[in-house]
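Here's the letter readout for the chains.
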Amino acid sequence: MLKILLVLVALPAAALCVDCKKERDGHYETGCRYYVKCEKGKKTEVFCRIGEFYNAKKRKCESASKVVSPCNQRKDCLGLKDGNYADTKSKCRYYYTCAKGIYVSTNLCPANLVFNNEGQSCDYPSVTKKPCGTLTANKEDDNDHDDDDDDHRFRN
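Small disclaimer: the values here were computed from a predicted structure and weren't measured.

The rules we used
Residues numbered from 1 in each chain as written. Predicted model: local features only at pLDDT ≥ 70, side-chain atom pairs only at ≥ 80, totals over all residues. Heavy atoms only, no water. Helix = DSSP H or I, 4+ residues; strand = E, 2+ residues; numbered from the N terminus. Buried < 20%, exposed > 50% of the residue type's maximum accessible area, 1.4 Å probe, protein only. Contact = heavy atoms within 4.5 Å. Pairing = 2+ DSSP bridges. Axes fitted to C-alpha atoms, helices over the stretch in contact; angles between N-to-C directions. Salt bridge = Lys/Arg side-chain N within 4 Å of Asp/Glu carboxyl O. Core = buried A, V, L, I, M, F, W, Y, C linked by side-chain atoms within 4.5 Å. Disulfide = S-S within 2.5 Å.

1. Some words on the overall build of the protein
Each helix and strand in the protein was counted, giving 3 helices and 10 strands. Listing every helix and strand of the protein by position from the N terminus yields α-α-β-β-β-β-β-β-β-β-β-β-α. Taken over 156 residues, the protein has a buried fraction of 38%. Taking the contacts inside the protein whose residues are at least 6 apart along the sequence as the reference set, 25% of them involve residues at least 24 apart.

Written out as C-alpha cells, the structure is:
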C-alpha cells in the first residue's frame, strides 16, 4: 500500500499536462524519476529504475552521477511533515516530496509555473508568495476581506 501511495505522491501535475494528441512524437520531461513518451498520439509514462533519474539532455534515465541537479540531489526530510516542499535553489520550478521523514522524489512544475508551498501545488508566480512567487503582503491584504471570515484563500 505504501508503494502505491509513494507513486501517487510522486506523480506531479506535469505528467498530467502532456497531451500527446497535440504534441510531436518524443520525450517530455515531467519529473526527475520519469518522463512521458509520445508516439503517434499515444502517451506512455516511463519510470526510471531505482537509483536512476531522467537526463533531459540525453533523453533517457541514467545514474545520479550523470544527471544535473536538482534531480540527482536527495533532500533531507528528517523532521519535516509529509508533503511537498519548494526547491528554492531551482527558483521553485522543482519541488520535492517527503513522506514519514523520507525523501521520495523531486518533481518539475509545468512550464511557467512555480511551486506554491501553501497550496501544495504548482501555480502561477503572481498568486504564489515569495520567495517562489511575486505575491507580496500588500497584495495578500488586498485580497483578504476583513468582513468575510469564510474567505481563507490567503490565510494560514
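2. Details of unusual backbone geometry
Between Lys 130 and the following residue, Pro 131, the backbone shows a cis peptide bond with an omega angle of 15 degrees. One non-glycine residue, Lys 40, adopts positive backbone phi at about 55 degrees.

3. Description of the sheet that holds strand β7 (residues 94–99)
Judged by pairing direction, the sheet is antiparallel, and its 3 strands sit side by side in the order β6-β7-β8 without closing on themselves. With one partner strand each, in any of the chains shown, β6 (83–86) and β8 (102–108) form the two edges of the open sheet. Across the sheet, the axes of successive neighbouring strands diverge by a mean angle of 30 degrees, strand direction being ignored. The pairing of β6 with β7 spans 4 bridges and is antiparallel. Note on β7: the bridge partner recorded for Gly 83 is Cys 98.

4. What to know about the pattern of salt bridges
Side chains that differ in sign of charge can pair as their charged atoms come close. Scanning all chains against the criterion turns up 6 salt bridges. Salt-bridge contacts for Lys 37 lead to Glu 39; the nearest nitrogen and oxygen are separated by 3.8 Å. By relative accessible area, Lys 37 is classed as partly exposed at 32%. Residue classification places Glu 39 among the partly exposed residues on the basis of a relative accessible area of 45%. Between Lys 75 and Asp 87 there is a salt bridge whose closest N-O contact spans 3.5 Å. Taken together, the residues Lys 75 in the loop between β5 (60–63) and β6 and Asp 87 in the loop between β6 and β7 connect sequence positions 12 residues apart. Three or more residues are tied together by salt bridges with common partners; here these are Lys 58, Lys 60 and Glu 62.

5. Focus: the nonpolar core
The biggest cluster of nonpolar side chains holds 9 residues, and these are Ala 86, Cys 92, Tyr 95, Cys 109, Leu 113, Val 114, Phe 115, Cys 122 and Cys 132. The contact partners of Ala 86, leaving out residues within four places of it in the chain, are Cys 92, Tyr 94, Tyr 95, Tyr 96, Phe 115, Asn 117 and Cys 132. In terms of nonpolar packing, the next biggest core, distinct from the first, is built from 6 residues, Cys 32, Val 67, Tyr 94 and Leu 108 among them.

6. Some details on the state of the cysteines
A complete count under the given rule lists 5 disulfides for this structure. A sulfur-sulfur separation of 1.9 Å characterises the disulfide bridge that pairs Cys 77 with Cys 98. Measuring handedness by torsion sign, the sulfur bridge of Cys 77 and Cys 98 sits at about -65 degrees and is left-handed. Of this pair, Cys 77 sits in the loop between β5 and β6 while Cys 98 sits in strand β7, and the two are 21 residues apart along the sequence. Judged by its relative accessible area of 2%, Cys 77 falls in the buried class. Looking at Cys 98, the relative accessible area reads 2%, which means it is buried.

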